[in-house]
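So you can see what is in the structure, the chains are spelled out below.
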Amino acid sequence: MVKSQASTVAQYLAELPDEQRAEIEAVRDVILANLPDGYVEAMDWGLITYGVPLEVSGPTYNKKPLLYVALGAQKRYHSVYLTTVMEEFEESFRARWAETGKKLDMGKACVRYKRASDLALDVVGDEVARLSVQEFLDWHAENRAKAAARAR
């Protein structure tokens, strides 16, 4: 994974080659247009991240804002990370994507793409818009509780 040392989104975008910047900016525009109020855009883990501020979420295990969405340029592709496509939302996400006829290249919560036009941008936008900050916090707490119960 390529990691940037940029401390701001503007700095990150400026260091990308023109073609990569255009692909990242196209997806970033979709994220920003659909992102519910309360999430904060920042740079973390070498990626553009959208998360719940610690003042809202409370302490996290890694002392970082609770990650909702992330976006980044890799060496040969780009990635958009959608944390909600795991668990009960994954099947719906895959079904909505399949309806578009576009090929889905997905890991656990990572959708890989070469060009923004490869993505079902309306599905990405819908997923970004899916949960308000409070709904995401509730979903996250519920999934942590399920994971803890499975670990016992």
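A brief look at the structure comes next. Worth saying up front: this structure is predicted, and the values here are computed from it rather than measured.

## Regarding the overall build of the chain
Helix and strand content of the chain: six helices and five strands. Listing each helix as α and each strand as β along the chain from the N terminus yields α-α-β-β-α-β-β-α-β-α-α. In terms of overall size, the chain behaves like a compact globule, its C-alpha atoms giving a radius of gyration of 15 Å where 152 residues would be expected to give roughly 15 Å. With the C-alpha coordinates aligned to their principal axes, the bounding extent of the chain is approximately 45 × 40 × 30 Å. The buried share among the 152 residues of the chain stands at 43%. Considering only intrachain contacts with a sequence separation of at least 6, the fraction spanning at least 24 residues in the chain is 56%. Accessible surface for the chain amounts to roughly 8,400 Å². Of this, 52% is attributable to carbon and sulfur atoms. Counting 20 positive and 23 negative side-chain charges, the chain places the averaged centre of each group 8 Å from the other.

## Looking at the pairing of strand S1 (residues 40–44)
With five bridges connecting them, S1 and strand S2 (residues 47–52) associate as antiparallel partners. Bridge pairing in S2 links Ala-42 to Thr-49. Here S1 folds back onto S2 in antiparallel fashion, the turn holding two residues, of which Trp-45 has a positive phi close to 55 degrees.

## Digging into the environment of Phe-136
Tracing the chain through its elements places Phe-136 in helix H6 (residues 133–151). Residue class for Phe-136 comes out buried when judged on its relative accessible area of 1%. When the C-alpha atoms of Phe-136 and Val-52 are compared, they prove to be 8.9 Å apart, with 84 residues separating the residues in sequence. Every residue in contact with Phe-136, bar those within four places of it in the chain, is listed here: Tyr-39, Val-52, Leu-66, Leu-67, Tyr-68, Thr-83, Thr-84 and Leu-131.

## What about the sheet that holds S1?
With respect to topology, five strands assemble into an open sheet ordered S1-S2-S3-S4-S5, the strand pairing being antiparallel. The open sheet has two edge strands with one neighbour each: S1 and strand S5 (110–113). Direction aside, neighbouring strands of the sheet carry axes that sit 25 degrees apart on average. As paired elements, strand S3 (residues 66–73) and strand S4 (residues 78–82) share five bridges and run antiparallel to each other. Bridge pairing links Ala-70 to Tyr-81 in S4. Across the sheet, helix H2 (residues 18–34) touches S1, S2, S3, S4 and S5, and the angle it forms with S3 is around 155 degrees. Here helix H5 (residues 121–129) sits on the sheet in contact with S3 and S4, set at roughly 150 degrees to S3.

## Some thoughts on the packing of H2 against H5
Packing of H2 against H5 brings their axes to within 8 Å, and their N-to-C directions diverge by 40 degrees. Put simply, H2 runs oblique to H5. Our pair here, H2 against H5, has a crossing hand that is right-handed. Of H5, the residues touching H2 (which contributes Val-27, Val-30, Ile-31 and Asn-34) are Leu-121, Gly-125, Val-128 and Ala-129. When its residues are assigned to classes, the contact of H2 with H5 shows six nonpolar, two polar and no charged.

What counts as what
- Residues numbered from 1 in each chain as written.
- Predicted model: local features only at pLDDT ≥ 70, side-chain atom pairs only at ≥ 80, totals over all residues.
- Heavy atoms only, no water.
- Helix = DSSP H or I, 4+ residues; strand = E, 2+ residues; numbered from the N terminus.
- Rg over C-alpha atoms; globule rule 2.2 N^0.38 Å.
- Buried < 20%, exposed > 50% of the residue type's maximum accessible area, 1.4 Å probe, protein only.
- Contact = heavy atoms within 4.5 Å.
- Areas by Shrake-Rupley, 256 points an atom, 1.4 Å probe, with all protein chains shown as cover.
- Lys, Arg positive; Asp, Glu negative; His and termini not counted.
- Charge placed at Lys NZ, Arg CZ, Asp CG, Glu CD.
- Pairing = 2+ DSSP bridges.
- Axes fitted to C-alpha atoms, helices over the stretch in contact; angles between N-to-C directions.
- Parallel < 35°, antiparallel > 145°, perpendicular 65-115°, else oblique.
- Left-handed = near helix turned anticlockwise from the far one by under 90°.
- Nonpolar A, V, L, I, M, F, W, Y, C, P; charged D, E, K, R; others polar.

Read these as spatial facts, not as claims about activity.
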